[in-house]
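Listed here are the chains, written in short residue letters.
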Amino acid sequence: MSSLRNAVPRPAHKERPQPSSRRRFGVLEKHKDYVERAKAFHTKEDTLRKLREKAANRNEDEFYFKMIKSKTVNGVHRPVNEDNKYTQEELILMKTQDMGYVLQVLQSEKKKVESLSAMLHSTGNKPVNSHVYFAEDREEAKELKLKHSKREVPSTSGDVPVNIKRKTERSYKELEARKARVSQLEKVYMDMALTKELQKNGRKRKLRPDEIVNPTNRPVYKWRAERKR
């Protein structure tokens with residue numbers, strides 16, 4: 001009988017929607033919504049219970065370094081500011097090492113741009129005839145010029161295979177991307193060099209726009225002249 005009862009189709013029972021007279025109270029909570037809300041509530045409840053047990057059973061003589069290297073701000077633990085963790089000489093040394101790495105990457109990118117430009121230039125231009133001819137007079141020079149102008153190699157750009165064209169287009173896109181990367185690296189290197197110089201000792205001030213001889217978008221600083229002993 002049980003198998004026969006399961007064979008008979010039964011209607012699917014659906015939860016009723018919010019009645020039109022109660023729409024002002026918002027969406028009616030379904031059972032699946034209640035299950036998710038109950039799971040979240042019990043998860044938070046268990047977490048608070050475990051924290052209370054941990055706080056009740058803690059060792060009062062226990063010590064760890066965050067007790068002295070952090071502070072509480074509005075009930076939230078914040079690490080103590082460590083701006084003075086390194087000396088001025090150590091900061092300059094670290095900045096120098098970073099600049100060396102950026103300079104190395106910049107030089108590598110420049111070499112790749114030069115080699116790629118040379119390759120595209122050699123494949124995109126027609127071969128140049130570097131043979132030198134000597135003529136006795138102007139008439140012979142005109143004849144030589146007319147004769148060799150007729151031997152010009154016709155353009156064969158239409159006979160280039162499709163795969164070669166695609167490779168060339170990809171190479172041009174790569175060249176543009178590398179050029180943009182070189183410009184970004186140059187800007188980063190100049191910013192790091194300026195930051196390193198500003199970390200050095202000595203009185204300095206930022207020049208006003210009317211004091212700059214060659215106008216530029218970058219800030220310009222001037223150091224006060226000091227007598228060297």
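A quick note: this is a predicted structure, and the numbers were derived from the prediction, not measured.

## Some words on helix H5 (residues 162–198)
- A rise of 1.5 Å per residue sets the reference length of H5, with its 37 residues, at 54 Å; its end C-alpha atoms lie 54 Å apart and thus fit the reference within 8%.
- Within H5 the residues assigned to the buried category are Ser 171, Leu 175, Val 182, Leu 185, Met 192 and Lys 196.

## A short note on a nonpolar patch on the surface
- Together, Phe 63, Tyr 64, Phe 65, Met 67 and Ile 68 make up a nonpolar patch on the protein surface, roughly 580 Å² of accessible area in all.
- Residue placement: Met 67 occurs in the loop between helix H2 (31–56) and strand E1 (70–73).

## Considering the packing of aromatic side chains
- The full count for this structure, using the stated rule, is 1 aromatic pair.
- Ring geometry for Phe 63 and Phe 65: centres 5.6 Å apart, planes at 70 degrees, overall edge-to-face.
- Judged by relative accessible area, which is 49%, Phe 63 ranks as partly exposed.

## Observations regarding the pattern of salt bridges
- Inspection of the entire model under this criterion finds 10 salt bridges.
- For Glu 186, the salt bridge goes to Lys 110, with nearest N and O atoms at 3.4 Å. Here Glu 186, found in helix H5, pairs with Lys 110, found in helix H3 (residues 88–124); they are 76 residues apart in sequence, far enough to count as distant.
- Judged by its relative accessible area of 32%, Glu 186 falls in the partly exposed class.
- The exposure class assigned to Lys 110 is partly exposed, which follows from its relative accessible area of 35%.
- Residues joined in a network through salt bridges with shared partners are Glu 109, Glu 174, Arg 178 and Arg 181.

## A look at a negative patch on the surface
- Together, Glu 136, Asp 137, Glu 139 and Glu 143 give the surface a local cluster of negative charge.
- Locating Asp 137 in the fold gives a position in the loop between H3 and helix H4 (138–149).

## Things to note about the side chain of Gln 18
- Summarising the element assignment, Gln 18 is placed in the loop between helix H1 (2–7) and H2.
- Within the local environment of Gln 18, its side chain forms a polar contact with the backbone oxygen of Arg 22, the two atoms lying 3.3 Å apart.
- At 2.8 Å, the side chain of Gln 18 forms a polar contact with the backbone oxygen of Gly 26.
- When residues no more than four places from it in sequence are discounted, the contact partners of Gln 18 are Arg 23, Phe 25, Gly 26, Val 27 and Leu 28.

What counts and how
Residues numbered from 1 in each chain as written. Predicted model: local features only at pLDDT ≥ 70, side-chain atom pairs only at ≥ 80, totals over all residues. Heavy atoms only, no water. Helix = DSSP H or I, 4+ residues; strand = E, 2+ residues; numbered from the N terminus. Expected span 1.5 Å × (residues − 1). Buried < 20%, exposed > 50% of the residue type's maximum accessible area, 1.4 Å probe, protein only. Patch = residues over 30% accessible without salt bridge, like charges linked within 9 Å, V, L, I, M, F, W, Y side chains within 5 Å. Areas by Shrake-Rupley, 256 points an atom, 1.4 Å probe, with all protein chains shown as cover. Salt bridge = Lys/Arg side-chain N within 4 Å of Asp/Glu carboxyl O. Phe/Tyr/Trp six-rings, centres within 6.5 Å; stacked < 30°, edge-to-face > 60°. Lys, Arg positive; Asp, Glu negative; His and termini not counted. Charge placed at Lys NZ, Arg CZ, Asp CG, Glu CD. Polar contact = N/O pair within 3.5 Å; in protein donor to acceptor, adjacent residues only side chain to side chain. Contact = heavy atoms within 4.5 Å.

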